[in-house]
Amino acid sequence: MGTSDQGPGKGRREPDAPVSTRGPLRVVDEANASAEPPAFDENGGDYNIKILQPLFGYIRSKLDEDTLADIVHDCGLPREVIERQTGWISHERLEHFFAAAREIVGSDEEFMRACVYEFKKLYGPFLLIMRSMSVRGLVELATRTTPMICRVGRYEIARSTRTSTLLHYYTDRHESRLVCLSRQAAIRNTPTLFLGMPPAKLVEHSCVAHGDERCEYEMSWYEPLRLRLVGAGALIGLLVALGLPEGVAEPFLSLSSLSLLGGMTGALLEMRRLLHEQRRFADETTLEMEKIIVSHAQATDELASLQQRERDWNRHVEEGVAARTRKLNAVVERLQAVIRQRSGSFPVASKASTNDDGSEASASSLASHAGRSPSMETAVDRVSRLVGELVSIAGDDATKRDLKPESVSVDVLVDQIRRQLKATMVGRNVRITVFQTREAPPSITTLRPILERVIDNLLFNASRHTDRGSVVVEASGTPGSLLLKLSDTGSGISKERLEQVFDNEGGASGRLSNDRSGLAYAARLLDHIGGRLEIMSEPGVGTTLWVYIPVEPPVESSDSPSQDGDAPSTDEPHAAQSSVVGRVVRIRSKLSPAAEP
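Presented here is a report on the structure given in the accompanying data block. This one's a predicted model, so the numbers in the text were calculated from it and none came from an experiment. Numbers given to residues run from 1 along each chain, matching the order in which its sequence is written. In view of the model being predicted, local features appear only for residues whose pLDDT reaches at least 70, and side-chain atom pairs are presented and counted only at 80 or more, with totals across whole chains, interfaces and linings using the full set of residues. Hydrogens and waters are ignored; side-chain quantities use all the structure's heavy atoms.

## Structural notes on the pattern of salt bridges
Every case where a carboxyl oxygen of Asp or Glu lies within 4 Å of a side-chain nitrogen of Lys or Arg is listed as a salt bridge. Per the stated rule, a full pass over the model turns up 22 salt bridges. The salt bridge partner of Arg113 is Glu110, with a shortest N-O separation of 2.6 Å. Residue Arg113 and its partner Glu110 are located together in helix α4 (residues 108-115), separated by 3 residues, close to a single helical turn. A salt bridge links Glu118 to Lys121; the shortest N-O distance between them is 3.5 Å. Several salt bridges converge on common partners, so that one network encompasses Glu302, Asp415, Arg418 and Arg419. Numbering of helices and strands starts at the N terminus; helices are DSSP runs of H or I of at least 4 residues and strands are runs of E of at least 2.

Right, here's the structure in full:
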C-alpha cells in the first residue's frame, strides 16, 4: 500500500519541515563504525526501494535523469538504486529523499501525485491477480503484507465494510509529515488498480507526525457496475436449460432464452445495487456539502465578528486619544495665557546691568531681587503646575477609559477561541485543538474588550505564522488565575529576537514588525488587566505562550502618578517600559523552563 495534532513539545521539530539527516557529531570507535546503518542494502533496512520508484519516474519525466542522479547522490544513496527493483534503505535516507523531492515539486498536493506516478506499473503482472479480488480484499491483503515493503510500521483494520475501511498505522520511528502524505497517496489510489474505479475518499483523523500515537485513516470507495451477477445469472440459466427434460422446449431456444433471462436477472440485481450505492453516495456528498457550507458560514460570521471587535477597539482608542488631545490643548492654552499675561513684567538680565548709583549689578543680585517678587513666585508656581499637568496627561494611557469589569464565562471564551482559530485557518493543513481542563475557573471578572483584544492579537499571530502542523490551546487554571496555553508549530523566533521585540515594542524603526511584534502590544494590554505573559520559542520548531489572567480584577496601585503631580524625569518613560516588560513578560528558556506558579 506504499509508505506512510498534540502541540509542539520541547525539542520537537515542525512536522512538515524538511528532514535533515545531519545531526550532532558523535565520537565512535573505529571498531564500532560498521554499526552505522548502510545507505542501501539487499536484505537489511527499513523500507523497500520500490517505495521510491514512482518518485524516480516522476522526477525523470518532469525534469531529467541528471537531476534525479544528483538528488540520489545528495541523499547518500548509490546511483544504482535508480535502476534497482529490489533492496532496502534506512528510514533516515527515505526522509532525506522525500524532503528533497518535496522541495522540487513545490507543494504537498504535487508531492502526493508524484508518490503514485504510474502507480499501476509498480505491480507488473500481479495487477491481474489483484483485479480478481475486491477492493476490500485487496486492502486486507495489503495490511497483511506490509512487512514486504516496510519493516518499521504495521497496519491494523479497526473496521471494515464492503465499501469502507478504517485503518490504524503504528510505527516505532519518528516520522515527518511527508512520509504520512506518501502513505495517504498510496491508500487513496488503491481502487484505481481496478478498471474504471476512481480514487478512494480518505479522511485523516490522527497522524504520528503531529504527535499522535498512531495514524488513523477512514477510507471509502465507490464500485461501478460489475459483471459478476450478470455472468452468474447467465450461467445459472444455462444450467437450468441443460437440466430440462427432453421435449419440454426446443433445446436451442431454451438454452438461449434461459441464459438471457438469467443474465437479465443478474443485471437487474446489479442495477439495484448500483442505484443503492449511488443514493448512499449522494446522501454522503450532500452531507459533506452541508458541513462545508455551514463551516464556511461560521468562518465568515466569526471573521465579521473579529473585524467588528477591531473596529470597536479602534474607535475606543481614537476617542481616548481625542479626549486626551482636548485636555492637552486646554492646558497649552492656559499656559500660553500665563506667558502672555506676564510678558514684559519681569526684569531681563543683560550681560552688563547697572544699579541706581551707576555701578554694575550682578546676575545673582537680579535673581535675588526677582526671587523676592511675589508676582513672579505665583507665575512660576502656575507654570510649574501646568507643565506637570501636561506631562501627566501626555503619559496617561486612555486604554481603560470608560471600561468597567464584567464577568466572562470561560466556557464561552474557549468556544470563541475554537471558532476563531477555525475561521482563520480555513484552507490550511493545520490541525486545531482547543480544550478545557477541570482546573479552569468557571468564569473571570475582567475588562472584556481588553481581554478580547489580547486573545485576538495572540491568535492572529499564531495563524499568521503557522502554515502546517498544529495549533493547540489549553484552558486551565492556577490559584487565582485563568491560564491559557497556546502552542503552535509555526516559524518560531529566537530568544535574542524576542528580547528585541519586547524592547520598546521592536524599536522606533519598526524593523521587527514581521517578527511577532504584536506580542509587545498584547503584553501592554495584559498589564492593564493584571495579567502576565510567558513565552518560549525556537526557530523552525514553534512557539508556546502561557497567558495568566486574574480571576478578579487587580487593585489599582496607589503609587501611580496623579494628574497634578510633579513631572517625571526624562528617564522615567524608559523605566516605565522596562517595568512593564519585567512585570508582565518572561521569556522562558527551552533548557530550563520556568516553574508554573
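Further notes follow.
## Details of the nonpolar core
Nonpolar core, defined: a set of buried Ala, Val, Leu, Ile, Met, Phe, Trp, Tyr and Cys residues in which side-chain atoms within 4.5 Å join the residues together. Only protein chains enter the accessibility calculation, which uses a 1.4 Å probe; a residue whose area is less than 20% of its type maximum is buried, one above 50% is exposed, and one in between is partly exposed. Tyr47, Leu52, Leu55, Val72, Phe97, Phe98 and Phe111 are the most contacted members of the largest nonpolar core, which totals 58 residues. Among the elements that take part in this core, helix α3 (residues 91-105) stands out by supplying 7 residues, more than any other. Core analysis: the next-biggest nonpolar cluster, separate from the first, contains 45 residues, Val410, Leu413, Leu498 and Leu519 among them.

## Comments concerning the sheet that holds strand β7 (residues 215-220)
Two strands form a pair only when DSSP identifies at least two bridges running between them. The antiparallel open sheet is built from 4 strands, whose spatial order is β4-β5-β7-β6. Every other strand in the sheet has two partners, leaving β4 (153-160) and β6 (201-206) as the edge strands with one partner each. For this sheet the average axis-to-axis angle between neighbouring strands, irrespective of direction, equals 25°. Note: β4 against strand β5 (residues 164-171), 7 bridges, orientation antiparallel. Paired with Ser160 across the two strands is Thr165, which belongs to β5. Contacts are assigned to residue pairs with any non-hydrogen atoms lying within 4.5 Å of each other. Lines are fitted to the C-alpha atoms to define the axes, a helix being fitted only along its stretch in contact, and any angle between axes, read from their N-to-C directions, falls within 0 to 180 degrees. Helix-sheet contacts for helix α6 (residues 135-144) involve β4, β5 and β7, and the interaxial angle to β4 is about 150°. Packing against the sheet, helix α7 (residues 177-188) makes contact with β4, β5, β6 and β7, and its axis sits at approximately 20° to β7.

## A look at the packing of aromatic side chains
The aromatic pairing rule takes the rings of Phe, Tyr and Trp, using the six-membered ring of Trp, and pairs them if the centres are within 6.5 Å, calling planes under 30 degrees apart stacked, those over 60 edge-to-face and the rest tilted. Tallied over the entire structure, the rule returns 5 aromatic pairs. Ring geometry for Phe98 and Phe111: centres 5.5 Å apart, planes at 85°, overall edge-to-face. On the criterion of sequence distance, the pair formed by Phe98 in helix α3 and Phe111 in helix α4 is long-range, its members being 13 residues apart. Residue Phe111 is classed as buried on the basis of its relative accessible area, which comes to 0%. For the pair Phe119 and Tyr123, a centre-to-centre distance of 5.5 Å together with 85° between the ring planes defines the contact as edge-to-face. A relative accessible area of 8% means that Phe119 is categorised as buried. Geometrically, a lysine NZ or arginine CZ counts as sitting over a ring once it is within 6 Å of the ring centre and also within 35 degrees of the ring normal. The lysine or arginine in question, Arg151, covers the ring of Trp88, its NZ or CZ lying 3.6 Å from the ring centre. In this structure, Arg183 is placed above the aromatic ring of Tyr169, and the distance from its NZ or CZ to the ring centre is 3.8 Å.

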